[in-house]
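Report on the structure
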Amino acid sequence: MRPLLLAALLLVCAAPARADVFVPADPAGPADAHCVDAAGDVVAVTRKVREGWVIEASVGGGPWQRLLGAPVRALYGFCPSVAAAADGTAVIAGGQPIARIAVRRPGGTFGTASALGRTGYDVALAAAPGGWVTAAWTRTGIRSLNSALNALVIAPSGAVTRAVLDRGQGLGGPRVVLGPDGTATVAWNNQVTRRFAEFRGGAWGAPIELEGGSGSRAGDGGLALAATPSGRRLFAWAADDGIRVQADGEPLAVVLPVTDGTAVAGALADDGSAIVTATGLANTTEAADRGPGGAWSVPHTISTGERTTDYTDTPGPPPFSVVVAPGGRAAAAWLAGAQIAAAGGQAGGAWGAATPVSLPTRSAYAFDLSLTGREPRLLFGSPDGGPLRGALLAATAPVDTSAPTFSAQVPRRLPGTKTGRITLPVAVQCEEACDARIEVDSETYAVRALGAGEQTAVRLSTRLDIGRAGDRRVAFRIIAGDRAGNVTRRRASVRVRVLDRPIRSFKVALDHDFGMFSAAGDRAVARFVNDMIDRLARGELKTYRAFRRLYDAGFDRIERAYDEAGDTAVRDAIADALYVPAARAGLDAETLFDG
């Protein structure tokens, strides 16, 4: 997070109590939650375990279960998707590279998970009373830029209807809703057009284009689809004349003057309460809302400032979400840099100020904003790990402006290293519950959650540039943050000696984990890496050009045999294995792997 943004967020946290603000309300959950989704009585998280990535779910506050199967070895974990209806019908899906789905009928338990297929985005889900379930997802060809938008509907009888709704390049992640009569709607972007298709009478209809153009910024974010429990729908999309809204039974309306809308979100309640938001390229989010039976409000600003993604060009969970309950109780949550901020208010009336809700010591990625009864609830995890967190909208917030007090024990010197890899252990103890973070820079850090008075070693693993041997001084910061967003920082340093080592000693074992999907793939990469190291040791690769020519040719051969080799995590693992040998051979390793 940039310093100015962090300062702004902290100032918000230290402000006096105000009405309609989110306050911490962390639920019981697993020790680690990467991302989360929730609906009805089901909460699901994705987390990393020793065996790989796994999705676990808790039903009604009960024990966490692996409803979608055992952990899967993958480069990263897709976030879970959950949907539920008032009668207990529920569905959960997710996972990668093959997504799976499990369904719960009214009054029953979740059945055995089945495979959906490869996905390029998180799976979109909806559920309706009686056991109706629908899902939609995009699938990209293994050796093609073309995608297929897939959809299925599961009827109360268990009958499954599958269809491919669209094909081509530039298909965005789908949005999906489901009515109590089994009528399903899927909406999506196809390059510069906004489209939707309906499932009625047991069959999918042809795609229909939403009119009005796509504004000055086409892409995946400029579209929202919401529905009430009774099945009434609301479409909102970025068009040439602003943000258009079409609710069932109402005339078309342009509610916001944003013509470059990239992140559009919407929500609708059965009494007509509604909210629509849109973020333009200036990163200012405008909102229009209305209470029961009311007219759309004049546009007002909900948030300004930096956001991590508008998801126009990037797949993944949306960075902005809104909810509204009957009566007009409303809330919005969004990514603000690497943090999550939120605001609450009355649709058609006054709103409280934006408040940061995630911890300043951890990055935020995906969150779930949903209703529990008529009250907004926010749940979130972190790609940095750590416990599941949450917040509830309250009339007043407790005032806590006191920075955490902590003690830290730092070693004066670390053991010498031949590889450049070091682990820095810092024993931290906070007087109150806190997050303790050790960081060398904004991308190299480790963080742990500590209870009040608990002393825990926070271990930061990093790698030094060991192109030359000798003593090094490693500077770092110790940061403690509390749940209210208050932060204390200290600077420290430690010394370590880089020991000399022959280049060939950096060769890797054939079972080295490069993040490939198979042992054969890892062996192929290991042989390639070891060949490069041998050539460096023999002095055959003395220039950037010579190194890159051999490297690129070898990598291309591996990628032709193993599709996953092109993933960033695999490339990073290869660079990590070759970085030090290249530096010891006299090459500029940073330049080598920037190309």
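Before reading on, note that the structure itself is shown above.
To keep things clear, this report deals only with the structure shown in the data block. (Residues numbered from 1 in each chain as written. Predicted model: local features only at pLDDT ≥ 70, side-chain atom pairs only at ≥ 80, totals over all residues. Heavy atoms only, no water.)

1. A short note on the packing of helix α2 (residues 519–537) against helix α3 (residues 544–561)
Running from amino to carboxyl end, α2 crosses α3 at an angle of 165°, the nearest separation of the two axes being 10 Å. Here α3 runs roughly antiparallel to α2, going by the angle between their axes. In the packing of α2 onto α3, the handedness of the crossing is right-handed. Seen from α2, the contacting residues are A524, V525, F528, M532, R535 and L536; seen from α3, they are F547, L550, Y551, G554, F555 and I558. Class assignment for the residues of the contact of α2 with α3 results in 10 nonpolar, one polar and one charged. (Axes fitted to C-alpha atoms, helices over the stretch in contact; angles between N-to-C directions. Helix = DSSP H or I, 4+ residues; strand = E, 2+ residues; numbered from the N terminus. Parallel < 35°, antiparallel > 145°, perpendicular 65-115°, else oblique. Left-handed = near helix turned anticlockwise from the far one by under 90°. Contact = heavy atoms within 4.5 Å. Nonpolar A, V, L, I, M, F, W, Y, C, P; charged D, E, K, R; others polar.)

2. Concerning the state of the cysteines
A covalent bond between the sulfur atoms of two cysteines is what we call a disulfide. Evaluation of the coordinates by the stated rule reveals two disulfides. With its sulfur 2.2 Å from that of its partner, C35 forms a disulfide with C79. Where C35 bonds to C79 through sulfur, the torsion about that S-S bond is close to -120°, and the disulfide is left-handed. Within this pair, whereas C35 is found in strand β2 (residues 35–39), its partner C79 is found in the loop between β5 (64–65) and β6 (81–84), the two being separated by 44 residues in sequence. With respect to burial, C35 and C79 carry one shared label: buried. Bonded cysteines in the chain are paired 1-2, 3-4 when counted in the order they occur along the chain. (Disulfide = S-S within 2.5 Å. Buried < 20%, exposed > 50% of the residue type's maximum accessible area, 1.4 Å probe, protein only.)

3. Description of empty space enclosed by the protein
If a probe the size of a water molecule is rolled over the atoms, the empty space left behind becomes visible. Here the structure, examined in full by the defined rule, presents two cavities of 30 Å³ or more. One number sums up the size of the largest cavity: a volume of about 70 Å³. Considering the residues around the largest cavity, the lining is formed by S358, L359, R362, S363, A364, F380, G381, S382, G385, G386, P387 and R389. Along the lines of polarity and charge, the residues of the lining of the largest cavity split into four nonpolar, six polar and two charged. (1 Å grid on protein atoms, 1.4 Å probe; cavity = no way out; pocket = protein on both sides within 12 Å on 5 of 7 lines; lining within 4 Å. Points joined across faces, edges and corners; volume = space filled by probe spheres on them.)

4. Observations regarding the environment of L68
Relative to the helices and strands, L68 is located in the loop between β5 and β6. Note on L68: relative accessible area 7%, which makes it buried. When the C-alpha positions of L68 and S114 are compared, they lie 8.0 Å apart, and in sequence the two are 46 residues distant.

5. Comments concerning the sheet that holds strand β35 (residues 421–430)
Here we have three strands laid out as an open sheet, ordered β34-β35-β38, and antiparallel in their pairing. Looking at the sheet topology across the chains shown, the edges are occupied by β34 (406–409) and β38 (455–463). Across the sheet, the mean angle separating the axes of adjacent strands is 30° when strand polarity is ignored. Across nine bridges, β35 lies against β38 in antiparallel orientation. (Pairing = 2+ DSSP bridges.)

6. Considerations on helix α4 (residues 568–584)
Spanning 17 residues, α4 covers 24 Å between terminal C-alpha atoms, matching the ideal 24 Å at 1.5 Å per step. For α4, the principal kink sits at L578 and spans about 35°; a proline, P581, occurs within the next four residues. Most of α4 sits inside the fold, with 12 of its 17 residues counted as buried. Residues of α4 that are buried: V570, A573, I574, A575, A577, L578, Y579, V580, P581, A582, A583 and R584. Measuring from the side-chain oxygen of the N-cap residue of α4 to the backbone nitrogen of A569 gives 2.9 Å; that N-cap residue is D567. The first or second residue beyond α4 is G586, which carries a positive phi of 95°. (Expected span 1.5 Å × (residues − 1). Bend = angle between axes of the 7 residues up to and from the residue. Polar contact = N/O pair within 3.5 Å; in protein donor to acceptor, adjacent residues only side chain to side chain.)

7. Side note on the sheet that holds strand β37 (residues 444–450)
Strand order in the open sheet formed by four strands is β37-β36-β39-β40, and the pairing between neighbours is antiparallel. Edge positions in the sheet fall to β37 and β40 (487–498), since each of these pairs with one other strand and no more. Adjacent strand axes in the sheet meet at a mean angle of 20° when their direction is disregarded. With 12 bridges joining them, strand β39 (residues 470–481) and β40 adopt antiparallel strand pairing. Across the sheet, V474 pairs through a bridge with V494, a residue of β40.

8. Comments concerning the side chain of T277
You can see T277 is positioned in strand β24 (residues 274–279). In contact with T277, not counting residues within four places along its chain, are L256, A263, V264, A265, T285, E286, A287, I302, F320 and V322.

9. Remarks on the nonpolar core
One broad rule of soluble globular proteins: the nonpolar side chains tend to lie buried together. The biggest cluster of nonpolar side chains holds 57 residues, and the ones touching the most others in it are V428, F514, V529, F547 and I574. Here this core gets 10 residues from one element, more than from any other, and that element is α4. Apart from the residues lying within four places of it in its own chain, the contact partners of F514 are V508, D522, V525, A526, V529, A569, V570, A573, I574 and A577. Among the nonpolar cores identified, the runner-up in size contains 20 residues, and A128, A155, V186 and F199 belong to it. (Core = buried A, V, L, I, M, F, W, Y, C linked by side-chain atoms within 4.5 Å.)

10. Observations concerning the pattern of salt bridges
Summed over the entire model, instances satisfying the criterion amount to 28 salt bridges. R47 is the partner of E56 in a salt bridge, and the nearest nitrogen-oxygen pair spans 2.8 Å. Both residues of the pair, E56 and R47, count as buried. Across the pair D435 and R389 runs a salt bridge whose closest N-O atoms are separated by 3.8 Å. One end of the pair, D435, is in strand β36 (residues 434–441); the other, R389, is in strand β33 (residues 389–394), and 46 residues separate them in sequence. Residue R389 is classed as buried on the basis of its relative accessible area, which comes to 15%. Through salt bridges that share partners, D26, R362, R389, D435 and R483 make up one connected network. (Salt bridge = Lys/Arg side-chain N within 4 Å of Asp/Glu carboxyl O.)

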